[in-house]
Amino acid sequence: MSNIIYPIPPTEIERSLELDIYARFMRHIRLIPHNREEIKILMGIQFVSDMTASSEAHVTKVLVDLGLRTPRFALPAEYLDYVDASMLRDGLEYGAPSASAKELVDYWISIGEDRFAGFKRQYTLLDEDIYVSLNH
């Protein structure tokens, strides 16, 4: 069973950018020759990002606002960073999560995603000796 809910088209005519992103995404998703739906979604987001000269995070935000619900694995890292950071803020603070971001996090919890995935970070440390020449 798939854990993916695809977006629905925007209803307002004046939302031409959202409609363009939606149409390109839905058209391209059918053409991707891959068995895993999560990979198809990520590749579709990357394609639309390239075609519209928008960031992957912006394209993902538009699609999530239109109803896209998918596991974390299928979304770009910069959007996941945005959602994780926004969930740490209160509803009235600057940078607080939108309603669709909150719904996406609730969806992740309902499908069994790790509740603390946003807090598990791996930081790379410089693990080599640095030699400084002290010639005066």
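Everything here concerns the structure above.
A brief structural summary. (Residues numbered from 1 in each chain as written. Predicted model: local features only at pLDDT ≥ 70, side-chain atom pairs only at ≥ 80, totals over all residues. Heavy atoms only, no water.)

1. Thoughts on the pattern of salt bridges
Threshold: A carboxyl oxygen of Asp or Glu within 4 Å of a side-chain nitrogen of Lys or Arg is what we treat as a salt bridge. Put simply, DSSP marks the helices as runs of H or I at least four residues long and the strands as runs of E at least two long, and each gets a number from the N terminus on. A 1.4 Å probe rolled over the protein chains alone gives each residue an accessible area, and that area as a share of the maximum for its type sets the label: buried under 20%, exposed over 50%, partly exposed in between.
Under the criterion given, the structure shown has 6 salt bridges. Among the salt bridges present, the one from Asp20 reaches Arg24, with a minimum N-O distance of 2.9 Å. With Asp20 and Arg24 both in helix H1 (residues 16-29) and 4 residues apart, the pair spans about one turn of that helix. When the shortest N-O distance is used, the salt bridge between Asp65 and Lys61 registers 2.6 Å. You can see Asp65 and its partner Lys61 sitting in helix H3 (residues 56-65), 4 residues apart, about one turn around the helix. Residue Asp65 is classed as partly exposed on the basis of its relative accessible area, which comes to 34%.

2. Quick look at the side chain of Glu38
Under the convention used in this document: Whether two residues are in contact is decided by their heavy atoms, any of which lying within 4.5 Å being enough.
Along the chain, Glu38 turns up in helix H2 (residues 37-52). Among all residues touching Glu38, those that are not within four sequence positions of it are Ile4, Pro71, Phe73 and Ala74.

3. With respect to the packing of aromatic side chains
What counts is decided by this rule: Within 6.5 Å between ring centres, the rings of Phe, Tyr and Trp (the latter by its six-membered ring) count as paired, and their orientation is classed by plane angle as stacked under 30 degrees, edge-to-face over 60, tilted in between.
Following the criterion strictly, the structure yields 1 aromatic pair and no others. A centroid spacing of 5.7 Å and a plane angle of 45° characterise the contact between Tyr79 and Tyr82, whose relative ring orientation is tilted. One end of the pair, Tyr79, and the other, Tyr82, are both in helix H4 (residues 77-86), 3 residues apart, so they sit about a helical turn from each other. We classify Tyr82 as partly exposed; its relative accessible area is 34%.

4. Considering helix H5 (residues 99-110)
So the rule is basically this: A helix is expected to reach a length of 1.5 Å times the quantity of its residues less one. Working note: the arc is built from the helix axis to C-beta atom directions.
With 12 residues, H5 extends 16 Å between its outermost C-alpha atoms, agreeing within 8% with the 16 Å of an ideal straight helix rising 1.5 Å per residue. Burial in H5 covers these residues: Ser100, Ala101, Leu104, Val105, Tyr107 and Trp108. The arc enclosing the buried residues of H5, seen along the axis, measures out at 155°, which places them on a common side. For H5, the exposed residues lying more than 90 degrees away from the buried face are Ala99 and Ser110. Considering only its buried residues, H5 is in contact with H3 and H4. Looking at the residues trailing H5, positive phi occurs at Gly112, about 95°.

5. Re the nonpolar core
Applicable threshold: In plain words, nonpolar cores are sets of buried Ala, Val, Leu, Ile, Met, Phe, Trp, Tyr and Cys residues tied together by side-chain atoms within 4.5 Å.
Counting 25 residues, the largest nonpolar core has Phe25, Ile41, Ile45, Leu63, Leu75, Tyr79 and Trp108 as the members making the most contacts within it. Going through the elements one at a time, H1, H2, H3, H4 and H5 are the ones with two or more residues in this core.

6. Overview of H1
With 14 residues, H1 should cover 20 Å at 1.5 Å per step; its first-to-last C-alpha distance of 20 Å lies within 8% of that length. What H1 keeps buried is the set Ile21, Tyr22, Phe25, Met26 and Ile29. For H1, the arc enclosing every buried residue in end-on projection is 120°, short of the 170-degree limit, so these residues lie on one face. Along H1, exposed side chains directed more than 90 degrees from the buried face belong to Ser16 and Arg27.

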